[in-house]
Amino acid sequence: MGEHIYMVAYSYAPNTAATNRLQAYLKRFVEKGLRVTLVYFHPDASYSKHESLPVGVDALYYWERKYSSNKYIQLILNHLNIIHFVKSLPKDAKVFVYGAVDVVHELVKRKDIHAFHERTEHPEAIGYRKIPFSPSLKQYLKDCRKLDALFVISTCLKDYFVDNGVEEDKVIIVNMIVDPTRYDGVVRTPSERYVAYCGVIYNNKDGVDDLIRAFAIVSECHKDVKLYI
């Protein structure tokens, strides 16, 4: 097998948007011959684990090491788990962090590893909770300047990080990922024509209001198409 990379996410939660995107990255890394270690710090509600993994891929569920149902104790344990993980990394390790800003904060303190990070949501849109051990927005932007590379999902996000001091050459756009093999075997049945939005309906980032206004215009010409939210 080829080079080794760590892929870090808060949790493995099957059939969620975050996990599906991470799985798409994983598939491509495996196709490129990389050895991959998946690292998760939180369980989902079902304490899910991968049922099977490709050859050359293993998983670390740090919540098995130290975890508490008490959310305040868990904040402390989670921080300790992150520190343990970062300190245990070998020199020149390559680490790809999906979200997980507190992991990024600890990673960039080490100068002898390669830290990569993906941000698919606008930091100011998702907001920053004032919880222990989590960096402020100002600190997070400082951390991003120390990364080897930052992957974003849109030109808007790239402009945001560049405007906040991240070197332009380090910010790489990776648009929406869809793995078509996930739909192998799905039989398409005839149905009405519609556009569907699936997600949280508050309007702080996904542009649901824009979708409704745009559909109102389109529906004048395509009256047989419905909108489902």
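Bear in mind the structure is a predicted one, so any value in this text is a computation, not a measurement.

What counts and what doesn't
Residues numbered from 1 in each chain as written. Predicted model: local features only at pLDDT ≥ 70, side-chain atom pairs only at ≥ 80, totals over all residues. Heavy atoms only, no water. Core = buried A, V, L, I, M, F, W, Y, C linked by side-chain atoms within 4.5 Å. Buried < 20%, exposed > 50% of the residue type's maximum accessible area, 1.4 Å probe, protein only. Helix = DSSP H or I, 4+ residues; strand = E, 2+ residues; numbered from the N terminus. Contact = heavy atoms within 4.5 Å. Polar contact = N/O pair within 3.5 Å; in protein donor to acceptor, adjacent residues only side chain to side chain. Phe/Tyr/Trp six-rings, centres within 6.5 Å; stacked < 30°, edge-to-face > 60°.

A look at the nonpolar core
Nonpolar side chains in soluble globular proteins generally cluster together in the buried interior.
Reasoning step 1: Residues Phe85, Leu107 and Phe161 are the most contacted members of the largest nonpolar core, which totals 32 residues.
Reasoning step 2: Listed by contribution, the elements that provide at least two residues to this core are β1 (4-11), β2 (35-42), α3 (71-88), β4 (94-98), α4 (101-107), α6 (137-144), β6 (149-152) and α7 (155-163).
Reasoning step 3: Among residues more than four places away in sequence, those in contact with leucine 107 are Val86, Leu89, Val95, Val97, Ile113 and Ala115.
Reasoning step 4: Residues Ala9, Leu22, Tyr25 and Val36 belong to the second largest nonpolar core, which totals 20 residues.

As for the side chain of asparagine 81
Reasoning step 1: Its location among the elements puts asparagine 81 in helix α3.
Reasoning step 2: At 3.5 Å, the side chain of asparagine 81 and the backbone oxygen of tyrosine 62 are in polar contact.
Reasoning step 3: Those residues within four positions of asparagine 81 in sequence are excluded, and the remaining contacts are Phe41, Tyr62, Arg65 and Lys66.

Considerations on the packing of aromatic side chains
When we look at a pair of aromatic rings, we describe it by the centre distance and by the angle of the planes.
Reasoning step 1: Across all of its chains, the model carries 15 aromatic pairs by this definition.
Reasoning step 2: Measuring from centroid to centroid gives 5.3 Å for tyrosine 194 and tyrosine 228, while their planes differ by 80°, and the two rings are edge-to-face. Placement of tyrosine 194 in strand β8 (residues 193-196) and of tyrosine 228 in strand β9 (residues 225-228) is noted, with a sequence separation of 34 residues between them.
Reasoning step 3: Taking relative accessible area as the criterion, tyrosine 228 reaches 36% and is therefore assigned partly exposed.
Reasoning step 4: These aromatic residues form a ring-pair network of at least three members: Tyr12, Tyr40, Tyr47, Tyr61 and Trp63.

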